[in-house]
Amino acid sequence: WPPEGRTLATGHGSLASRLRPSGAIRLWDVSTGKLLKTFPMHPAGISSLAFCLDGGQLISGHVAVRHKTGVKKGEVLVWDVKSGAVIKKLSAPDTITISSVACSPNGKWIAATDTNGRLTLWDRQSYRVIYSSKSGRTRELAAVAFAPDGRTLAVSDQVKTVTLYHLPSMEKLFALQSTCRNILTTRFSKDGNLLLVGGLGGSENGKAEVWRGPRDQ
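Residues numbered from 1 in each chain as written. Predicted model: local features only at pLDDT ≥ 70, side-chain atom pairs only at ≥ 80, totals over all residues. Heavy atoms only, no water.

(A) The arrangement of a nonpolar patch on the surface in detail. Judged by side-chain polarity, Leu-194, Leu-196 and Val-210 come together as a nonpolar surface patch covering roughly 240 Å² of accessible area. Mapping Leu-194 onto the fold places it in strand 19 (residues 194–200). (Patch = residues over 30% accessible without salt bridge, like charges linked within 9 Å, V, L, I, M, F, W, Y side chains within 5 Å. Areas by Shrake-Rupley, 256 points an atom, 1.4 Å probe, with all protein chains shown as cover. Salt bridge = Lys/Arg side-chain N within 4 Å of Asp/Glu carboxyl O. Helix = DSSP H or I, 4+ residues; strand = E, 2+ residues; numbered from the N terminus.)

Shown next as structure tokens:
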């Protein structure tokens with residue numbers, strides 16, 4: 001959702017062909033359900049979408065594409081919402097599939113997690129990588145979220161851990177141990193005081209937890 005709250009962005013990936021998956025981004029008017037815009041088709045399926053706070057740019061994360069000659073690694077794209085054109089393609093070393101993307105509320109950073117267990121942070125102005133964690137972790141990273149003040153980053157692995165980092169130092173603040181068996185999403189409340197963790201519980205049922213954010217610790 002962009003800040004004005006009247007537009008919804010959706011993305012999908014067609015996996016009908018393992019050799020040629022494809023993804024499309026569409027913008028919808030929430031009040032009428034009318035399709036507003038369809039972005040040019042991308043050759044890789046979409047795994048995550050995030051509007052930047054100013055509403056002028058949309059960040060998309062993509063899955064890896066398998067070709068007959070090998071695998072094209074997942075990437076992060078920055079789109080101009082008005083024109084539907086790609087402004088920048090971002091990539092990180094050893095990235096297989098992007099699992100989650102986020103744009104900081106202060107407009108300074110773009111963050112992405114991937115299935116190789118890597119967290120990457122880019123400067124939004126220069127698109128330079130300013131932080132990249134080591135890959136090869138035993139747990140895939142599943143979700144990333146910025147606190148509203150832009151000073152805290154929450155990163156969830158796919159199992160039970162949510163780690164909070166200070167920005168811009170990327171110093172680890174603390175880790176939360178969720179009871180979700182498989183974390184799928186992480187979000188801060190608008191005031192930054194609460195952290196929502198959503199995933200799977202027992203018998204594959206959905207589960208959500210609400211934690212007090214770093215300001216209350």
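(B) Structural detail: the side chain of Ser-48. With respect to the helices and strands, Ser-48 occurs in strand 4 (residues 46–51). Polar side-chain contacts of Ser-48 include one of 3.1 Å to the backbone nitrogen of Val-101. The residues contacting Ser-48, other than those within four sequence positions of it, are Ile-59, Ser-60, Gly-61, Ser-99, Ser-100 and Val-101. (Polar contact = N/O pair within 3.5 Å; in protein donor to acceptor, adjacent residues only side chain to side chain. Contact = heavy atoms within 4.5 Å.)

(C) The arrangement of the sheet that holds strand 12 (residues 119–123) in detail. Taking strand neighbours across the sheet as the criterion, the 4 strands line up as 10-11-12-13 in an open arrangement whose pairing is antiparallel. Every other strand in the sheet has two partners, leaving strand 10 (98–103) and strand 13 (129–132) as the edge strands with one partner each. Averaged over all pairs of adjacent strands, the angle between their axes in this sheet comes to 15 degrees, without regard to strand direction. In terms of strand pairing, strand 12 meets strand 13 through 3 bridges, oriented antiparallel. Paired with Thr-120 across the strands is Ser-132, a residue of strand 13. (Pairing = 2+ DSSP bridges. Axes fitted to C-alpha atoms, helices over the stretch in contact; angles between N-to-C directions.)

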